[in-house]
Structure formats: structure tokens, C-alpha cells
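Breakdown of the fold
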Amino acid sequence: MRRRALVAGGLSILTAPARAREPVDVALVLAADASGSIDEDELRLQKEGIARAVADARVLEAIRSQPLGRTAFAYVEWGSPGGAATMVPWTVVGDAEGAAIFGRAVVRAPRSLQSWNAIGDAIEHATTLLEACPCEATRRIIDVSGDGPDMRSLTPAPAARDAAVAKGITINALAIIVRAARAGLADAYARDVIGGPGAFVEVAEGRAEFVDALRRKLIREIA
């Protein structure tokens, strides 16, 4: 598989780029919360969790169970109004090697500069990324994970969600419940963030459950 080096923040990240019009079953944007409520250790746990979940044997089995046996992933960090950033570009995963390449790129990517929770702008960014995806995807999905509600988006999350759904994109969410004040987070994501056929909210009861929750979510989304 041909590989390229993505240079972000001065760090070279080896990726296996998606080829133009390469057919895949799913194009999936993993949009992770990198806002001010997430410290360095917490972001590292999220990134390592993404790498572990994508490489999990059950997730790979779900990928291979589909007609084409390939899923294209991209990794986005969000937080600041209008500040969502693509940290790892489209990478096709069809086997353990592809999963390892994508996972290493996610873990090694430098942290983007983010502040307040702007989930609507993250959805807009991910929608644009999906529309520019070089692969020909049967299904297109945005996977938003976070520990707080939409707060300061330039485009409110419900409006961005509705625009994405109108383009045939499904948005799912992973609510990370880290304190009692976030008890209603899953309901907020169900109301304001998710949309499209079969859209759902997965819940991680604390960061320790992030990997298991993301694995469940990926299997459900892909298979």
C-alpha cells in the first residue's frame, strides 16, 4: 500500500492515503473533543482509545463483513468556534495493517488549538471533509465524541446537523459522562447533535470506558 507523510505542526505522520474514487463501504469522520475541558492526558487517552478501537478484532471483523470490506477514516479535533481541524486525512482500513497505520497517525498527531465547545462548527467541518473525500462511499457518517454540550458554535449544532442530514450524512454521538453536571449530556446530544437514518447516542461512563464505548459504536455504525 502506497504511503505518504502528513506534516502537522512540524511532525511527520505516516499515513496510507485513500485513492481517488476508491470504493468503500463507509466514510467515517471521528470528531474528538479537544476543547478546554480536555487536558493533555485526557486527549491522549481519547487518541489512544481511537487507535485501540479501530484495531480491535471485532471492529475489523465488522469492516470485513461488509460488501467491499473497506472503511475510510479521518480524524478531526474540535472545540473553538470555527476552529475544527483535520488532524489525520482519509485513510482506508480493510485489515490490521491499515488499522495500525491510521491508529499511529492519530496518536502521533499534535494537538490542535481549541477552546470552547463548538459542536455545530465541528459538524460543518466534518460535512465538508466528507464531501471532499476521495473515496466513493456507500454510507457517510460523522462520529462526534465529547464531554460537554454545544456552547459557542457559529452555526448551532441543530442547524449544522440538519444541513448534513439533508446531504445524506448520518451523525452519531458518544457522550463521555465525567461529572454529575453532565448527567443530561446524552439527552442533549440526542436532541441537538445526532441525525439521519438509525442515528444514536452511545454513552461512556467516564473516560475509562471510552475504548469499550467507541468499539461498540464503531461496530454498530459499520455493520
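Sequence order as written defines residue numbering, which begins from 1 separately in each chain. Only residues with pLDDT of 70 or above have their local features reported here, since the model is predicted, and side-chain atom pairs are shown and tallied only from 80 upward, although totals for entire chains, interfaces and linings are computed over all residues. Hydrogens and waters are ignored; side-chain quantities use all the structure's heavy atoms.

The next subject is the overall build of the chain. Helix and strand assignments come from DSSP, with helices taken as H or I runs of at least 4 residues and strands as E runs of at least 2, each series counted from the N terminus. For the chain, the count of helices and strands is seven helices and eight strands. When burial is assessed residue by residue, the chain has 54% of its 223 residues classed as buried. Considering only residue pairs separated by 6 or more positions, the chain has 78% of its internal contacts joining residues 24 or more positions apart. Carbon and sulfur atoms provide 53% of the accessible area of the chain, an area that totals close to 9,100 Å². Per-residue accessibility, obtained with a 1.4 Å probe over protein chains only, is compared with the maximum for each type, and a residue is labelled buried under 20%, exposed over 50%, and partly exposed between these values. Residues are treated as being in contact if the distance between any of their heavy atoms lies within 4.5 Å. A 1.4 Å probe and the Shrake-Rupley method give the accessible areas. Residues count as covered only by the protein chains that appear here.

Right, let's talk about empty space enclosed by the protein for a bit. Lining residues are those with an atom within 4 Å of a point, where the points come from a 1 Å grid over the protein atoms alone and group into cavities, where a 1.4 Å probe fits but cannot get out, or pockets, open sets with protein on both sides within 12 Å along at least five of seven lines. Grid points are joined across faces, edges and corners, and a volume is the space filled by probe spheres set on the points. In total, this model carries one cavity of 30 Å³ or more according to the counting rule given. Forming the boundary of the largest cavity are Leu30, Ala31, Ile50, Asp143, Ser145, Leu174, Phe210 and Leu214. When contributions to the lining of the largest cavity are tallied by element, the ones reaching two or more residues are β3 (23–33), β6 (136–146) and α7 (210–222).

Here we take up the confidence of the model for the chain. Every residue gets a pLDDT, meaning the predictor's confidence in that residue, from 0 to 100. Across the chain, pLDDT averages 89, with 89% of residues at or above 70. In the model, residues 1–15 has pLDDT below 50 throughout and makes 42 contacts with residues more than four positions away in sequence or in other chains.

Pairing is mixed across the open sheet formed by six strands, whose spatial order is β5-β4-β3-β6-β7-β8. Only two strands of the sheet have a single partner each, and these edge strands are β5 (85–93) and β8 (201–204). Across the sheet, the axes of successive neighbouring strands diverge by a mean angle of 20 degrees, strand direction being ignored. Pairing of β3 with strand β4 (residues 71–78), which is carried by eight bridges, proceeds in the parallel orientation. Each bridged residue has a counterpart across the sheet, and for Leu30 the counterpart in β4 is Tyr75. Two strands form a pair only when DSSP identifies at least two bridges running between them. Axis definition: a line fitted to C-alpha atoms, limited for helices to the stretch in contact. Angles are taken between N-to-C directions and run from 0 to 180 degrees.

Looking now at the packing of helix α4 (residues 119–131) against helix α5 (residues 157–166). Relative to each other, α4 and α5 sit at 20 degrees, their axes nearing to 7 Å. Relative to α5, the element α4 is oriented roughly parallel. Every pair of crossing elements has a handedness; the one defined by α4 and α5 is left-handed. Together, Ile119, Gly120, Ile123, Glu124 and Thr127 of α4 and Ala157, Ala160, Arg161 and Ala164 of α5 make up the contact between the two elements. Roughly parallel covers angles under 35 degrees, roughly antiparallel covers those over 145, roughly perpendicular covers 65 to 115, and oblique covers all other angles. Handedness of a crossing follows from how the near helix is turned relative to the far one, being left-handed for an anticlockwise turn of less than a right angle and right-handed for a clockwise one.

A few words now on the pattern of salt bridges. When a carboxyl oxygen of Asp or Glu lies within 4 Å of a side-chain nitrogen of Lys or Arg, that pair is called a salt bridge. This structure, assessed with the given rule, holds 13 salt bridges. Between Arg44 and Asp41 there is a salt bridge whose closest N-O contact spans 3.8 Å. Remark: Asp41 and Arg44 occur in helix α1 (residues 40–55); sequence separation between them is three residues, near one turn of the helix. A relative accessible area of 38% means that Arg44 is categorised as partly exposed. Residue classification places Asp41 among the partly exposed positions, given a relative accessible area of 48%. Ionic pairing is found between Asp56 and Arg58, a salt bridge with its closest N-O pair at 3.0 Å. Exposure remark for Arg58: the relative accessible area of 45% places this residue in the partly exposed category. Sharing partners across several salt bridges, the network here consists of Asp41, Arg44 and Glu48.

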